[in-house]
Amino acid sequence: MPSALAILMQEWEADRPARDRPASYRRQHPTGPTTGIGASFGPQRLLALQRLAGNRAVVSRIPPPELALGQMMHKSPVEEVKSLLEYGVVDWAVTDDDARRACQILADMSPMDLAKAVATLDSSSTPYLERMVDNAPYALVRTPGFAKVVSQRQAARNVALAKQLVSYKFLDWEVTPPEALAAQTLLDSVPEGDKKDALAEGWLQKRIQENLPQGDDYETGIGEQLLDGALQGDFNEDPTFWNVVSQIGVGLVPYAGQVADIRDLLAAIDEMFDEKKQGYKKVTSWINLVLVLVGFVPGIGDLIKGLGKAAMKAVKGAAIKVGRGLWDKAFRHLVEPLIKHLLPDVVVKAKARLRELLEARAKKLAAEHPNGPQGVSGDASKVDVPGGAVPSIAELSKATDEAFVEAAKGAPRRTGRVISELVHDAMEALKAWAGNVYKELEFIRFDVEVKGDDLILYGISSKYPLIRANIKTIKRDIVQKTDFIMRQLKERDKLLKAARAAADDVAGAIRKEAIDISEGLGEHIANILIKRELPGAKLLFTGSGSGTLDKVFELGGVLHVVEAKGGAGRLGSREIAAAGQRAEQGSAAYLVSVLNNMALSTDKAEAEIANQLLKKLKQPGSVRMWVTSTGKLNINAAEPLTVKLIEVAIP
Amino acid sequence: MTDAATRRQQLNAVRGRLSNNVTAVAGALAAYIEFTDALTAAGLSQALGEDGVPDLLRHAGRAGLLVFETRGSQDLVVTDLDTGETIRKPDTSAANPTTVVQALLAALASGDTETAASLAEVPPEDLQTDQAPAPPVILVVATALQRAAVGDRASVRRLTADPVRDASIYGEMLRQLDRWARGDAVDVDQLRHADTASWLDAGYAADDPIVLLGLPALGLSALSLSERSGQQP
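Criteria and thresholds
- Residues numbered from 1 in each chain as written.
- Chains lettered and ligands numbered in written order.
- Predicted model: local features only at pLDDT ≥ 70, side-chain atom pairs only at ≥ 80, totals over all residues.
- Heavy atoms only, no water.
- Helix = DSSP H or I, 4+ residues; strand = E, 2+ residues; numbered from the N terminus.
- Buried < 20%, exposed > 50% of the residue type's maximum accessible area, 1.4 Å probe, protein only.
- Contact = heavy atoms within 4.5 Å.
- Areas by Shrake-Rupley, 256 points an atom, 1.4 Å probe, with all protein chains shown as cover.
- Pairing = 2+ DSSP bridges.
- Axes fitted to C-alpha atoms, helices over the stretch in contact; angles between N-to-C directions.
- Phe/Tyr/Trp six-rings, centres within 6.5 Å; stacked < 30°, edge-to-face > 60°.
- Lys NZ or Arg CZ within 6 Å of the ring centre and 35° of its normal.
- 1 Å grid on protein atoms, 1.4 Å probe; cavity = no way out; pocket = protein on both sides within 12 Å on 5 of 7 lines; lining within 4 Å.
- Points joined across faces, edges and corners; volume = space filled by probe spheres on them.
- Nonpolar A, V, L, I, M, F, W, Y, C, P; charged D, E, K, R; others polar.
- Polar contact = N/O pair within 3.5 Å; in protein donor to acceptor, adjacent residues only side chain to side chain.
- Expected span 1.5 Å × (residues − 1).
- Salt bridge = Lys/Arg side-chain N within 4 Å of Asp/Glu carboxyl O.
- pLDDT = per-residue confidence, 0-100.

1. Things to note about the overall build of chain B
So, step 1. Per the secondary structure count, chain B includes 12 helices and two strands.
So, step 2. Listed N to C, the secondary structure of chain B is α-α-α-β-β-α-α-α-α-α-α-α-α-α in terms of helices and strands.
So, step 3. The 233 residues of chain B split such that 62% are buried.
So, step 4. Contacts in chain B between residues far apart in sequence, at least 24 positions, make up 68% of those at least 6 positions apart.
So, step 5. Carbon together with sulfur atoms contributes 47% to the accessible area of chain B, which is approximately 8300 Å² in total.

Here it is as structure tokens:
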């Protein structure tokens, strides 16, 4: 059933001719289309306006209009962007929100439209996109939309803007993290040749690097996770993706890899034969052991092992379905007898031998390199490091960490290719392992397929599915079923909320003080301007708080209403009646609403001046309105404040 | 709470500004001040238990009609004195959906069927202004009231056919208009309750004259009564 508003629109459209010339409703001053959107209101435009205003009630209740939004707007998207980034008579600053909205409009365009829009904006004498970048908050700078927009600009412009962003200026010796990140994003969009020229001087990259956002601004603790993965190896029972990446990295480093392999083998054996863990009963533990052994093969072995572990982590999430009865049968007849009767002694001896080996290597290394790093063990004869210096595991891990961070930053495409190769290798390794196992179980052949989100391992010639693992379910289960992770996540969430609340409280109090200062400055500037413009004017009223006028002066029988704005001056709006009816500041409805509010005040002076104004407003020319502003306040800018004086002619 | 003496002072001040002849008021701004003053005076008079509320509501209805008749007659001119840059556009802010709703309710409540019928003919493009944006539900109510004012039950039923989830006074007015269109009695208590809640939500004081007036209840109960007595609303 169509909504009420839809019916309303249809009806007005249907019998419009009959209503166009009403008998008793007499418009004295018909108005045609005027400036600004929505000056002429057809039904579709009304709808578009409500959509533009973000009115969710309309969006959810009214079917989408047949006309494209752009057709209904007086302003094209490019004009909208210009208006957001322009300094106007009543709009003296580009705010964070303006920059965000402008960027959003541009980012939503098709590539062709975006290229045209960017060319249009950059060919203007007004530096629109420079303003957008200059006022972009951190949350915007890090979005793909921002990168998409700036990537359409000429390389020379982006290089120049990047330099400008991180250059020191008079009284401005600070490069903020958003500025550094914006500069980096601009440079990232520049072709290699141009970038090389830009970076030739060295200072630019150095200053960007020094000022890039740190700590919590990054994805949480990737570096820490990498280091953790490198050091803990398989002893980490809940490895994250980055732990695994780091482990692969360590495995690729000669010597460190050998140590790491032994360390992982010990962990795998512990998992498999520990009395409590009883890993030997689980198919996943066997896969893990095989992968650890594969890891002894230098290079690619580590890659396969790492990826296999990531898969095992998923499998442990219990989203794996093994062909019914198959594993039980194999376990009962093949694995359990081996474990019970043969392996324990061997395993215990192997573990002991491995530990001895590890300790012996450590002692030997310490003897050969008395000034070298502490706590390192392994076969020193296999060290292949230029200069013979043996780096500590921590150093190696750090180097790996940095290498991966660098790789992730600089070459996302290359990383993607490497990962796809690793996945391919891992699949091959899995197939090889499965082949051996199934051969033992007398299956004729096996196959592995990825279908949508499922990874399926088939056996027997009839393609009987043996294992089906849903990747999404695995990911979800890993998080939900791991108490430790859940507890940590909840604790983290709680702490972050508490931190946010505390930060909001403190920031709110500080911000209020800053606003008070801005408003005080606004009033001070207003007094100066009105004295200049209206010499001899008598101050009748000074308001405080919202819902009142700032100042009222009298000169020659005329009342002068002054709206004093401090800080980024932008005319706002206020609710003038119940249920969301608003009016824009500067309009008649806004002024009358403020005056009606003041007229009912218990403050006699306030009520009196409001009554006086309401009376005078009925006589044209007896009230004038002024808006004064300090402009955007910035102590580091060449002009810390920009004084403006606007006269709003009252109808 | 405001005491009676203060209310009396407020009423005197507002009454002192009201014109004896609405049609003599010149310009949209003066018409809008006349309109809001008349509503404020009606609210204050009602709070003080004075006579004359219907007359003030009739005055408000006519001033409201004048707001739409003079819509766009005066320009909003903004001049930057430093650069000389000027923006000029008609000030249409007073002619917003809330104004037509309140004017219609005032006209209906005062039994001014002629003004109500004239207000019913204000076309939708004149109800909208970018200088005073309003949620669409107010426009739906405005239109339903326009139809109700000329006794067009069928249109009102179509407009109120959807279950209305809006919790404001406008949602309640649509529900009550639906009742009226079906021939049922209007629930005045519900209207009063929703009206007060909506004004309080908007930050108005409980003893604000517009809250005390309870205009939706007055207007829709008058509509309901006139229908039941067989009169054209």
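2. Observations regarding the overall build of chain A
So, step 1. Within chain A one finds 28 helices and 11 strands.
So, step 2. Of the contacts formed within chain A by residues at least 6 apart in sequence, a portion of 56% connects residues at least 24 apart.
So, step 3. Carbon and sulfur atoms make up 57% of the accessible area of chain A, which amounts to about 34900 Å² in all.

3. Things to note about the sheet that holds strand 2 (residues 86-90) of chain B
So, step 1. Pairing within the open sheet is mixed, and its seven strands lie in the order 5(A)-6(A)-7(A)-10(A)-11(A)-1(B)-2(B). Strand pairing shows two members of the sheet lacking a second neighbour, strand 5 (538-542) of chain A together with strand 2 of chain B, which therefore form its edges. When the angles between neighbouring strand axes are averaged without regard to direction, this sheet yields 20°.
So, step 2. When strand 5 of chain A meets strand 6 (residues 551-555) of chain A, the two strands line up antiparallel, connected through four bridges.

4. Re the packing of aromatic side chains
Residues and elements named next belong to chain B.
So, step 1. By the definition in use, this model includes two aromatic pairs over all chains.
So, step 2. Seen in terms of ring centroids, Trp199 and Tyr204 are 4.8 Å apart; in terms of plane orientation they differ by 75°. Their pairing is edge-to-face.
So, step 3. One residue, Arg153, lies across the ring of Trp180, its end atom 4.8 Å from the ring centre.

5. Quick notes on the pairing of strand 2 of chain B
Residues and elements named next belong to chain B.
So, step 1. Here strand 1 (residues 75-80) pairs with strand 2 via five bridges, running antiparallel. Bridge pairing in strand 2 links Asp75 to Pro90.
So, step 2. As consecutive antiparallel partners, strand 1 and strand 2 are separated by five residues, and within that stretch Gly84 has a phi angle of approximately 80°, a positive value.

6. As for empty space enclosed by the protein
Residue and element names in this part refer to chain B.
So, step 1. With the rule as written, the count across this model stands at seven cavities of 30 Å³ or more.
So, step 2. Surrounding the largest cavity, 14 residues form its lining, Gln102, Tyr170, Asp195, Trp199 and Pro216 being those nearest its centre.
So, step 3. Counting residues per element, the ones that place at least two in the lining of the largest cavity are helix 4 (97-109), helix 9 (169-181), helix 10 (188-201) and helix 12 (215-228).
So, step 4. For the lining of the largest cavity, the element with the most residues is helix 4, which contributes four residues.
So, step 5. Here the residues of the lining of the largest cavity are counted per class, giving 11 nonpolar, two polar and one charged.

7. Some details on the side chain of Lys618(A)
So, step 1. One can find Lys618(A) in the loop between helix 28 (604-617) and strand 10 (623-629).
So, step 2. A distance of 2.7 Å separates a polar atom in the side chain of Lys618(A) from the backbone oxygen of Arg17(B).
So, step 3. Side-chain polar atoms of Lys618(A) contact the side chain of Glu34(B), separated by 2.5 Å.
So, step 4. Among residues more than four places away in sequence, those in contact with Lys618(A) are Arg17(B), Leu18(B), Ala30(B), Ile33(B), Glu34(B) and Asp37(B).

8. Focus on helix 13 (residues 177-188) of chain A
Residues spaced three or four apart along an α-helix face the same direction, because each turn holds 3.6 residues.
Residue and element names in this part refer to chain A.
So, step 1. Relative to the 16 Å expected for 12 residues at 1.5 Å per residue, helix 13 spans 16 Å between its end C-alpha atoms, a close match to the ideal helical length.
So, step 2. Most of helix 13 sits inside the fold, with nine of its 12 residues counted as buried.
So, step 3. Looking at the packing, one finds that the buried side of helix 13 touches helix 9 (128-134), helix 10 (138-141), helix 11 (144-150), helix 12 (155-166), helix 14 (192-199) and helix 15 (203-211).

9. Quick word on the environment of Ala182(A)
Residue and element names in this part refer to chain A.
So, step 1. Tracing the backbone through its elements, the reader meets Ala182 in helix 13.
So, step 2. Sequence spacing of Ala182 and Tyr138 is 44 residues, and the spatial spacing of their C-alpha atoms is 8.4 Å.
So, step 3. Filtering out sequence-adjacent residues up to four positions away, Ala182 remains in contact with Val133, Val141, Phe146 and Leu165.

10. Here we look at the pattern of salt bridges
So, step 1. With the rule as written, the count across this model stands at 15 salt bridges over all chains.
So, step 2. For Asp122(A), the salt bridge identified is with Arg153(A), shortest N-O distance 2.9 Å. Of the two residues, Asp122(A) is situated in helix 8 (residues 111-123) and Arg153(A) in the loop between helix 11 and helix 12; the sequence distance between them amounts to 31 residues.
So, step 3. Taking relative accessible area as the criterion, Arg153(A) reaches 6% and is therefore assigned buried.
So, step 4. In this structure, Asp112(B) and Arg62(B) form a salt bridge, with 3.0 Å as the shortest nitrogen-oxygen distance.

11. Some thoughts on the confidence of the model for chain B
Residue and element names in this part refer to chain B.
So, step 1. On average, residues of chain B score 90 in pLDDT, and 96% of them reach the 70 mark or higher.
So, step 2. The least confident element of chain B is strand 1, whose mean pLDDT is 81; the most confident is helix 4, at 97.
So, step 3. Complex prediction metrics read pTM 0.51 and ipTM 0.94.

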